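What follows is each chain in one-letter form.
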Amino acid sequence: RQMAAPPSAATVLRQMEAAGVPPKQNRCQRAYQLAVEEYSDTGQWREALSIFRDMEAKHFPLTAITYRNVALACERGGNQDCADVVWEQMELHTMRKYVKEISAFGR
């Protein structure tokens, strides 16, 4: 007997939101990242970008991998302009992170 496929991360994430599960960073961040990755794989850039914006609004740390997956979703979905903006945001995010680290090291 074959088992049913598990629900996608995006499905679980939306179910959690619908059920009113509070977004605790340590529990939900990975679900958000997995959902962005799933949408990236299929080129669903609108969905990936929507989850990315949710992550920003909830102040989840955005990693280079998250930026990369959103940019790739845009590229695979045929929206190069969106991809270019996300790649640029990633560069700015990375520079800010390094400036903070260097500033803290110099103190």
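The preceding data block contains the structure.
Bear in mind the structure is a predicted one, so any value in this text is a computation, not a measurement.

Novice: I keep staring at the overall build of the chain and nothing clicks. Help me out?
Specialist: A tally of helices and strands in the chain yields five helices and zero strands. The order of α-helices and β-strands along the chain, N terminus first, is α-α-α-α-α. Buried residues in the chain amount to 32% of all 107 residues. Working note: accessible area of the chain is about 7,300 Å², and carbon and sulfur atoms make up 55% of it.

Novice: Help me understand the pattern of salt bridges in this model?
Specialist: If the charged atoms of two oppositely charged side chains come close together, the side chains can form a pair. As enumerated under the stated definition, the model contains two salt bridges in all. In this structure, the salt-bridge partner of Asp41 is Arg76, at a minimum N-O distance of 4.0 Å. Within this pair, whereas Asp41 is found in helix 2 (residues 25-42), its partner Arg76 is found in helix 4 (residues 64-76), the two being separated by 35 residues in sequence. With a relative accessible area of 48%, Arg76 lands in the partly exposed category. One salt bridge in this structure joins Glu56 and Arg53, with 2.8 Å as the shortest N-O distance. Taken together, the residues span about one helical turn, with Glu56 and Arg53 both in helix 3 (residues 45-57) at a distance of three residues. Classification of Glu56 by relative accessible area gives partly exposed; the value is 30%.

Novice: I would appreciate a short explanation of helix 3 in the present structure.
Specialist: Three- or four-residue spacings in an α-helix give side chains the same orientation, since the helix completes a turn every 3.6 residues. Between its first and last C-alpha atoms helix 3 spans 18 Å; for 13 residues at 1.5 Å apiece the expected length is 18 Å, and the two agree. For helix 3, the set of buried residues is Trp45, Ala48, Leu49, Ile51, Phe52 and Met55. Buried positions in helix 3, seen along its axis, are confined to an arc of 165° and lie on one side of it. Exposed and oriented more than 90 degrees from the buried face of helix 3 are Arg46 and Ala57. Looking one or two places after helix 3, you find His59, whose phi comes out positive at around 60°.

Novice: What is the right way to look at a negative patch on the surface in this model?
Specialist: Together, Glu75, Asp81, Asp84, Glu88 and Glu91 line one region of the surface with negative charge. It is helix 5 (residues 80-105) that contributes the most residues to the negative patch, four residues altogether. Its place among the elements puts Glu88 in helix 5. Judged by its relative accessible area of 51%, Glu88 is exposed.

About the cut-offs
- Residues numbered from 1 in each chain as written.
- Predicted model: local features only at pLDDT ≥ 70, side-chain atom pairs only at ≥ 80, totals over all residues.
- Heavy atoms only, no water.
- Helix = DSSP H or I, 4+ residues; strand = E, 2+ residues; numbered from the N terminus.
- Buried < 20%, exposed > 50% of the residue type's maximum accessible area, 1.4 Å probe, protein only.
- Areas by Shrake-Rupley, 256 points an atom, 1.4 Å probe, with all protein chains shown as cover.
- Salt bridge = Lys/Arg side-chain N within 4 Å of Asp/Glu carboxyl O.
- Expected span 1.5 Å × (residues − 1).
- Arc of directions from axis to C-beta.
- Patch = residues over 30% accessible without salt bridge, like charges linked within 9 Å, V, L, I, M, F, W, Y side chains within 5 Å.
- Lys, Arg positive; Asp, Glu negative; His and termini not counted.
- Charge placed at Lys NZ, Arg CZ, Asp CG, Glu CD.

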